[in-house]
Amino acid sequence: MNKSTNITWHDAGITKEERREQNNHHSFVLWFTGLSGSGKSTVANAVAKALFDKNIRNYVLDGDNVRFGLNKNLGFSAEDRTENIRRIGEVSKLFVDSGQVVLTAFISPFQEDRAQVREILEGNEFLEVYVECPLEECEKRDPKGLYKKARSGEIRDFTGIDSPYESPANPELTINTSTQSVEECVQTVIEYLANRKFI
Ligand SMILES: Nc1ncnc2c1ncn2[C@@H]1O[C@H](COP(=O)(O)OP(=O)(O)OP(=O)(O)O)[C@@H](O)[C@H]1O
Ligand SMILES: [Mg+2]
């Protein structure tokens, strides 16, 4: 649904391809999805550093950080989660258009929401990375103390407790943070990108 009428697209003077050529690498989204505490932020930031050290322009969009600003008016109802992901998808698309690699670290629990983001990007621009980790292990880590609060009923609609998580059916990549170290996870991602000649 588009509320705006009388709007006209203005073509950019510099194309996405020209920006990629100048940067010397492909631009795309690494979309990390998984339970809270699975390691999305940890791995996304470690991959970002590895890319940075290779002179690959990149930026991390991280769940809570985005909710401090752009998405401060959204909560955790199913509807708000969907809008949260829609906006992140659109912002990611702008980053890809600017010739950069964007790494997103959002639980993004709904398959349909992630599919919508895939839809607005081109075929080789959306890489879904499933950050797999058993709920029991995430709950044991509980880096933000959120599982404890969810179990006691202090917070509601918490993914894995009283709100569902839909695992990706066909992710480009799966990393398992309960069996792989952070370094091994980073290595897996970097090797995948190199194999596809994206970096
Ligand atoms: N192999 C691993 N990969 C990533 N994180 C790991 C690994 N092993 C242990 N951890 C720990 O697990 C925790 C993961 O927390 P992190 O904040 O990255 O999760 P998250 O998926 O971003 O959660 P949230 O959705 O709440 O933001 C950290 O404390 C990290 O040190
Ligand atoms: Mg995080």
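Residues numbered from 1 in each chain as written. Chains lettered and ligands numbered in written order. Predicted model: local features only at pLDDT ≥ 70, side-chain atom pairs only at ≥ 80, totals over all residues. Heavy atoms only, no water.

## What about helix α4 (residues 78–97)?
When the terminal C-alpha atoms of α4 are compared, their 29 Å separation across 20 residues agrees well with the 28 Å that a helix rising 1.5 Å per residue should span. Those residues of α4 that sit buried are Arg81, Asn84, Ile85, Arg87, Ile88, Gly89, Ser92, Phe95 and Val96. Buried residues along α4 sit in contact with α1 (16–23), β1 (29–33), β2 (58–62), α3 (63–68), β3 (101–105) and α5 (111–120). Positive phi appears at glycine 99, one or two residues downstream of α4, with a value of about 90°. (Helix = DSSP H or I, 4+ residues; strand = E, 2+ residues; numbered from the N terminus. Expected span 1.5 Å × (residues − 1). Buried < 20%, exposed > 50% of the residue type's maximum accessible area, 1.4 Å probe, protein only. Contact = heavy atoms within 4.5 Å.)

## Here we look at the UniProt feature "domain: APS kinase" (unreviewed entry) in the protein chain
Feature annotation in UniProt assigns "domain: APS kinase" (unreviewed entry) to the following positions: residues 27–176. Structurally, residues 27–176 is divided into 43% helix and 17% strand, and its ends, taken at the C-alpha atoms, are 25 Å apart. (UniProt positions renumbered as here; feature names shortened; annotations may be inferred.)

## Brief notes about the state of the cysteines
The full count for this structure, using the stated rule, is zero disulfides. Cysteine 133 takes part in no disulfide bond, and the closest cysteine sulfur to it belongs to cysteine 138, at a distance of 3.8 Å. (Disulfide = S-S within 2.5 Å.)

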